[in-house]
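Here's the letter readout for the chains.
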Amino acid sequence: MSGQTDDLPRALTPGAQRLIEAAAQKQKEFGQEQLSIEHWLLALIERHAPMAEAMAAGFNAALLRQQLSERVRQGGASKPLDKESVLKLANERAAARSKDEIGERDLAAAILTADGYTIIEQSAAPPPVTSQPQTTAPPSNQTDSSQVVPAAADYRPRAKQPTPTLEQFGRDLTREATAGKLPPFVGREEEIQLALETLCRRTKRNPVLVGPAGVGKTAIVEGLAQRIVAGDVPDLLKGSRLLAIQPSTLVAGASLMGEVEKRMKAIISEASQDGVLLFIDEVHSIMGAGGREGTSDIASLLKPALSRGELACIAATTDDEYRRFIETDAALERRFQPIRINELSIDQTFAVLAAIRDEYERHRNVQVADDVLRWLLDFADRSLRNRYFPDKAVDLLEQCVAHAIARGKKVVDLATARTVAQRMIGMPIESAERQEQLKEALLERALLVDEDIRSLLNRLNVTMRGLDLKPARPNAVILLIDDSAANGEALSETIASAMFGSGDRVVTIDFSRFTQSHDITMLIGAPPGYIGYSESLPLHRVAQMPWCVLRCENIHACHPSILEVLTNALAEGFITDARGKRIYLSDTVVVLTADIRLESRRRIPGFQNHEPAREHAGRDAARLAAEAVLGAELVAQSDLVCAEVLTNEQAWRRWLERRLLKDISDRYQKQGVGLKWDESLIDWLMKQKDSHPNQRDWERLVDERLSPALVSQLPQSETEEAKSLVIRWDGSDIQVEIQKPEERS
């Protein structure tokens, strides 16, 4: 239950605050002195149209948007509806739902139940009727009639001539918008306006949307199709058909010479009529498609029509492909007007997720709360640095909803979202358990000394929870020098297996190959136009598998300029390849190895009997030795500099104490007998290593000599009091002594 008193005003969620700001912005845009119901409805439609349609029967968002805009422009706004009145109604709604904050749904309910709600009822449109016989009916599982765009009743295609080739090889986006098959579209008003202006030109009316993969270029075109169907476009474009084609589809099955050329001529002819707009996704693929580049490929066939303005073409491609393919063909580049599509902000992406969430709630009956959406946004921002909003956040949301549907759940809670999101990107789940596994593995294999194991685990305990001061840096950077350098491969595999679930999650780069400054191409790739530009690199595996161990071997042997690149990458948390793409290291554990020898491990005078001080001095000596070879900046980026390893005898003793004898203690503890191993027994077992060279020999020795002496001490009945035993070696035999109660303390 909420702790908020019903009559007290509640705080606003960020989404609710943005909806209020949007209404105020609408008032400002139209130049009205007071807020009215029209301003509130326009803001609600712009930000949460699907939610409004689900909440109000007969709410036809697309048609109402056009009517309201025209009404307000003509000065026909109804009576004022101030912010305080809306907040009072929303507060009552939040109180009824036992919520401590006013959310978007509460504001929407207040707007839809205000006095001006009659506008909606008067604007309700009859069931849509379209003149297109090819219109596909909505899927049978979509019974909500509001899914069909209501403005389709007024949408009439202008194009009179048939378009069989376009329909064979493309998709009619306006037809899909009419049938309600396109996803809800939110925002991007400025980009759509630029595209509309370009399409209204007389010549070269061809906008090309340029931006990283996942920023929503195709979604903008689908949103434009919905605007056309709703009639919310300039008169010049009303009634247009927007058809999408893919160059790969045109080439598919064209085995006869001249077949692609024949298809393209038919498409150009059909698209050149009034009222047809063409959309080419992945437009860079028209270069060389269907023929020899520059003569008979799709690009050369399109150029004349694009230049004369015979057809209007919208295109989309990424920054890299635009630079590599479009800019290199000056004639083709001149025919397009680039429109930069930037990544959405977190607030803008929240509006997109909210619209998709509302669609899922309407058609799949799965609910996702606002706090889950905000967590998904934050998680995507922190953990999917190689991808862009809104695509990465939408992927996470859809995976969470699919997870709920597959398990018959109706709500995606925060715990479910965390599990699904972490599993989806390969992020370690149950980090504390994995760190305990790592500790046991490091102790068992004696790969690091105790002090280094503690330091590593302390570091991972902070970074794996995202609590470090610089989360962009790797989770840990371990520099292995002197004797420990030989453990680089084993340590990397152990960390990968324990923390990331598989020993295969290790990416290895041997820096001893990079002896010249130009060898940087083997690390980050060759520049465009050079040999090896398209080759896959080890660093690309890090981009594909961000939760991994990056092992950089022999960094002492590389060229200083390449060592500087590595240093900057560790400091900034990413390395930029030759294509300009950032490869983030923030989710990795980096293991560096260098052949650097310490001069000696002599005891410092005055510290012979002060072990901690001696260890501290040894660590300082290791850092100083590494700085002399690798430079102070790189060593400063290393969270751990390891030089010492356990000797064979130390490793065997550790195995005896922490594995063999501990296992025996655990088994007897379950029987009510506590065991304490005296140092004399461990010393005796260590002396047996010459005659018992492997673990199985020692296990057999314990079974033959130690177990018989212990079995006789087991309780003879359930009522017998628990006991504690001390096991010693007296020089000739094993002695088992019962420890007195006063000795146990």
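Quantities reported herein were computed from a predicted structural model and do not represent experimental measurements. (Residues numbered from 1 in each chain as written. Predicted model: local features only at pLDDT ≥ 70, side-chain atom pairs only at ≥ 80, totals over all residues. Heavy atoms only, no water.)

Draft legend 1. Region of the structure containing the sheet that holds strand β18 (residues 673-677). Reading across the sheet, the 3 strands line up as β18-β19-β20 and stay open at both edges, with mixed pairing between neighbours. Because the sheet does not close on itself, it has two edges, and the strands there are β18 and β20 (734-738). For this sheet, the mean angle separating the axes of adjacent strands, direction not counted, is 25 degrees. Looking at chain direction, strand β19 (residues 723-729) and β20 are connected through 5 bridges and run antiparallel. Across the sheet, the residue bridging to R728 is Q735, located in β20. (Pairing = 2+ DSSP bridges. Helix = DSSP H or I, 4+ residues; strand = E, 2+ residues; numbered from the N terminus. Axes fitted to C-alpha atoms, helices over the stretch in contact; angles between N-to-C directions.)

Draft legend 2. Structural view of the sheet that holds strand β5 (residues 241-245). As summarised here, the arrangement of the 6 strands in space is β3-β5-β6-β7-β4-β8, forming an open sheet in which the pairing is mixed. If you trace the sheet from one side to the other, it starts and ends with β3 (170-172) and β8 (337-340), each paired once. For this sheet, the mean angle separating the axes of adjacent strands, direction not counted, is 25 degrees. Across 5 bridges, strand β6 (residues 276-281) lies against strand β7 (residues 312-317) in parallel orientation. Bridge assignment links D281 to a residue of β7, and that residue is A316. Its contacts with the sheet place helix α9 (residues 189-199) against β4 (207-210), β6, β7 and β8, and it is angled at close to 170 degrees to β8. (Contact = heavy atoms within 4.5 Å.)

Draft legend 3. Fine view of the packing of helix α16 (residues 346-363) against helix α17 (residues 370-383). In the contact formed by α16 and α17, the axes pass within 10 Å of each other and the chain directions differ by 130 degrees. In terms of orientation, α16 and α17 fall into the oblique class. The two elements α16 and α17 meet at a crossing, and its hand is right-handed. Taking contact as the criterion, the partners of I346, T349, F350, L353, A354 and R357 in α16 are, on α17, D370, L373, R374, L377 and D381. Here the residues of the contact of α16 with α17 are counted per class, giving 6 nonpolar, 1 polar and 4 charged. (Parallel < 35°, antiparallel > 145°, perpendicular 65-115°, else oblique. Left-handed = near helix turned anticlockwise from the far one by under 90°. Nonpolar A, V, L, I, M, F, W, Y, C, P; charged D, E, K, R; others polar.)

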